[in-house]
Amino acid sequence: EAGVVQSPRYKIIEKKQPVAFWCNPISGHNTLYWYLQNLGQGPELLIRYENEEAVDDSQLPKDRFSAERLKGVDSTLKIQPAELGDSAVYLCASSPTYLTYNEQFFGPGTRLTVL
Amino acid sequence: SQQGEEDPQALSIQEGENATMNCSYKTSINNLQWYRQNSGRGLVHLILIRSNEREKHSGRLRVTLDTSKKSSSLLITASRAADTASYFCATPVVSGAGSYQLTFGKGTKLSVIP
């Protein structure tokens, strides 16, 4: 069974440029998460999807960040425009359903560097 | 905001020794999870312990939970070089949207020296 797939693995851009990250969750997983992980820190949730619905985006900086999961499968996270402080690893995770007891399966992440 | 906090921040041991990491959290929980992250990779779920459990084993891993002290420990026995990684505890916390979200600590960076 394929795991969570993310692309690109690395991205280097200049500040004020737009950037997009793509995630394909494990087949059949209804719940999809985007996390931000700064160096030396644990992941922090940005947004959670139940199928195609964003049910928790309370920590997504909506002025510059947006996300979509149009068909309830793969998802895209976008930053426009990027700032220096956005340099971090962006992790995507999925789980079969939303239950606090559910294990979350993480992708390898996209390491973003903003110059 | 982070709910859990791991201790120590970094740990270096010889191969074959045991490694113990601790996690303290602030609010009541119904479960606590431990994840491992190898350098440059995503997180991998190791074990989940429910609030009504005091101890759980999985292979060389032993997790304890003390809800009265709001703390958990992860013990890795007979460590191997491949155990070198960062270890995070994660607990469900009510988010600003009113639903539960998994919150992670800053992690313990374990180095196992061959």
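The preceding data block contains the structure.
1. Digging into unusual backbone geometry
All names here are of chain A.
And step 1. Between serine 7 and proline 8 the backbone carries a cis peptide bond, its omega angle lying at -10 degrees.
And step 2. With respect to the helices and strands, the residue proline 8 is situated in the loop between β1 (5-7) and β2 (10-13).
And step 3. The phi dihedral of asparagine 51 is positive, around 55 degrees, even though this residue is not glycine.
And step 4. Among the secondary structure elements, asparagine 51 is positioned in the loop between β5 (44-50) and β6 (53-56).
And step 5. Its relative accessible area of 34% is what places asparagine 51 among the partly exposed residues.

2. Concerning the pairing of strand β7 (residues 61-66) of chain B
All names here are of chain B.
And step 1. Of the pairings in the sheet, the one linking strand β6 (residues 55-58) to β7 comprises four bridges and is antiparallel in character. Residue pairing for β7: glutamate 55 is matched across the bridge by threonine 64.
And step 2. Remark: two residues form the turn of the hairpin made by β6 and β7, two consecutive strands paired antiparallel; glycine 59 in that turn has positive phi of roughly 60 degrees.
And step 3. Bridge count for β7 against strand β8 (residues 71-76) is six bridges, and the pairing is antiparallel. Residue pairing across strands places leucine 65 opposite serine 72, the latter belonging to β8.
And step 4. From the end of β7 to the start of β8, which pair antiparallel, there are four residues, and lysine 70 there has a positive phi angle of about 55 degrees.

3. Structural notes on the side chain of Thr110(A)
Residues and elements named next belong to chain A.
And step 1. Assignment of secondary structure puts threonine 110 in strand β11 (residues 110-114).
And step 2. The class of threonine 110 is buried, set by a relative accessible area of 0%.
And step 3. Aside from chain neighbours lying at most four places away, what touches threonine 110 is Gln6, Ser7, Pro8, Arg9, Phe21, Ala88, Val89 and Tyr90.

4. Here's the deal with the state of the cysteines
And step 1. In total, this model carries two disulfides over all chains according to the counting rule given.
And step 2. Cys23(A) shares a disulfide with Cys92(A); S-S distance 1.9 Å. On the sign convention where negative is left-handed, the bridge of Cys23(A) and Cys92(A), at about -70 degrees about the S-S bond, is left-handed. Remark: Cys92(A) occurs in strand β9 (residues 88-95) and Cys23(A) occurs in strand β3 (residues 19-24); sequence separation between them is 69 residues. Just as Cys23(A) is buried, Cys92(A) falls in that class too.
And step 3. What pairs with Cys23(B) in a disulfide is Cys89(B), and their sulfur atoms sit 2.0 Å apart. Measuring handedness by torsion sign, the sulfur bridge of Cys23(B) and Cys89(B) sits at about 65 degrees and is right-handed. Of this pair, Cys23(B) sits in strand β3 (residues 19-24) while Cys89(B) is found in strand β9 (residues 85-94), placing the two residues 66 residues apart along the sequence. Each member of the pair, Cys23(B) as well as Cys89(B), carries the same accessibility label: buried.

The rules we used
- The numbers attached to residues start from 1 for each chain and follow its sequence in the written order.
- Chains carry letters and ligands carry numbers; both start at the beginning, A for chains and 1 for ligands, and go up in the order they are written.
- Only residues with pLDDT of 70 or above have their local features reported here, since the model is predicted, and side-chain atom pairs are shown and tallied only from 80 upward, although totals for entire chains, interfaces and linings are computed over all residues.
- To obtain the side-chain values, all non-hydrogen atoms of the structure were used and water was disregarded.
- Helix numbers and strand numbers start at the N terminus; a helix is a DSSP run of H or I with at least 4 residues, a strand a run of E with at least 2.
- Relative accessibility decides the category of a residue: with a 1.4 Å probe and only protein chains considered, values under 20% of the type maximum give buried, values over 50% give exposed, and everything between is partly exposed.
- Pairing between two strands is assigned when DSSP locates at least 2 bridges connecting them.
- In what follows, residue pairs with any heavy atoms lying within 4.5 Å of each other are defined as contacts.
- Disulfide: a pair of cysteine sulfur atoms within 2.5 Å of each other.

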